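Structural description and commentary
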Amino acid sequence: MTISKVLASASAAAITSMTLFAIALTPVTAASAKHHAEIPSADIVDTAIAAGSFKTLTAAVQAAGLESTLRSDGPFTLFAPTDEAFAKLPAGTVETLLKPENKDQLVSILTYHVLSGKVYSKSLAGKQIEAATVQGTTVSVDGTNGVKVDNANVVKADIKTSNGVIHVIDTVLMP
C-alpha cells in the first residue's frame, strides 16, 4: 500500500469518526437546548403583566412598592388574584387600598398572597397545611380536592417564572 493510499484511508476514517461523533452529540445538544428553553426568563411581575389578567394586581404591587421585591431573586410563590377576583370586592375597595395613606394595609394584603420559596401544586396534593406567608401570618392550604387557599380556589397552577411560581386564584385573600 502506498503512502497516499494510507493517508487517504486514514483521512476517510477520520472523517467518518468525526461525522459519527457529531451525530452522537446532536441529541445531547438538542436536549440541552430544550432544557435551557424551559427555564423561564420572565420574573413574577413580568409574567403577571404579560398574562393580561392581572392588571389590578400589578397596579397594587406597584402602589405598595413591592415591585422590586417581586423582581428579586426570590424564590417566591405568588397566589395571584385575577382582575375578576378583585372585581368581587365591595365597590370602592381597590380604589381605597391604592391611596397612599392605605399603603401599609395594601402591603399587608399583598404579602399575605406570597410564600417564600417555590411551592408547586404536586407538593400540596392530598394535604392540608398552614403555610407561612411573607406577611408574617399563615394561610390555610387544602390540596385534598383540587387546591384551595383560604376561601380562594386555585384555577391555574404552577406557572413557572425565573424567580418563583404563580398559582392563579379566583378570590382576593384577606389576612
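Each remark here, short or long, concerns the structure printed above.
As the structure is a computational prediction, the values presented were derived from the model and not from experiment.

Strand order in the open sheet formed by seven strands is 2-1-7-6-5-4-3, with mixed pairing between adjacent strands. The open sheet is flanked by strand 2 (114-116) and strand 3 (128-132), the only strands paired with a single partner. Across two bridges, the pairing between strand 5 (residues 148-149) and strand 6 (residues 152-161) is antiparallel. Across the sheet, the residue bridging to lysine 148 is asparagine 153, located in strand 6. Together, strand 1 (76-81), strand 6 and strand 7 (164-169) form the strand contacts of helix 2 (residues 44-51), whose direction differs from that of strand 7 by roughly 35°.

By secondary structure assignment, the location of histidine 167 is in strand 7. A distance of 3.1 Å separates the side chain of histidine 167 from the backbone nitrogen of aspartate 158, its partner in a polar contact. Those residues in contact with histidine 167 that sit more than four places away from it in its chain are Thr77, Leu78, Phe79, Ala80, Val119, Tyr120, Ser121, Val154, Lys156, Ala157 and Asp158.

Let us look at helix 2. Here helix 2 has its buried residues at Ile44, Val45, Thr47 and Ala48. Within helix 2, the buried residues cover an arc of 165° as seen down the axis, which keeps them to one side. Looking at the buried residues of helix 2, the elements they touch are helix 3 (55-63), helix 4 (67-71), strand 1, strand 6 and strand 7. The N-cap of helix 2, judged by a side-chain oxygen 3.0 Å from the amide nitrogen of valine 45 a few residues on, is aspartate 43. Looking at the residues trailing helix 2, positive phi occurs at glycine 52, about 80°.

Under the counting rule described, the total for this entry stands at three salt bridges. Residue aspartate 46 pairs with arginine 71 through a salt bridge whose shortest N-O separation is 2.9 Å. Of this pair, aspartate 46 sits in helix 2 while arginine 71 sits in helix 4, and the two are 25 residues apart along the sequence. Overall, arginine 71 belongs to the partly exposed group, its relative accessible area being 30%. Ionic pairing is found between arginine 71 and glutamate 67, a salt bridge with its closest N-O pair at 2.9 Å. Placement of both arginine 71 and glutamate 67 in helix 4 is noted, with a separation of four residues, approximately one turn of the helix. Taking the relative accessible area as the measure of exposure, glutamate 67 reaches 22% and is therefore partly exposed. A single network of salt bridges, built from pairs that share partners, joins Asp43, Asp46, Glu67 and Arg71.

Procedures and definitions
Residues numbered from 1 in each chain as written. Predicted model: local features only at pLDDT ≥ 70, side-chain atom pairs only at ≥ 80, totals over all residues. Heavy atoms only, no water. Pairing = 2+ DSSP bridges. Helix = DSSP H or I, 4+ residues; strand = E, 2+ residues; numbered from the N terminus. Contact = heavy atoms within 4.5 Å. Axes fitted to C-alpha atoms, helices over the stretch in contact; angles between N-to-C directions. Polar contact = N/O pair within 3.5 Å; in protein donor to acceptor, adjacent residues only side chain to side chain. Buried < 20%, exposed > 50% of the residue type's maximum accessible area, 1.4 Å probe, protein only. Arc of directions from axis to C-beta. Salt bridge = Lys/Arg side-chain N within 4 Å of Asp/Glu carboxyl O.

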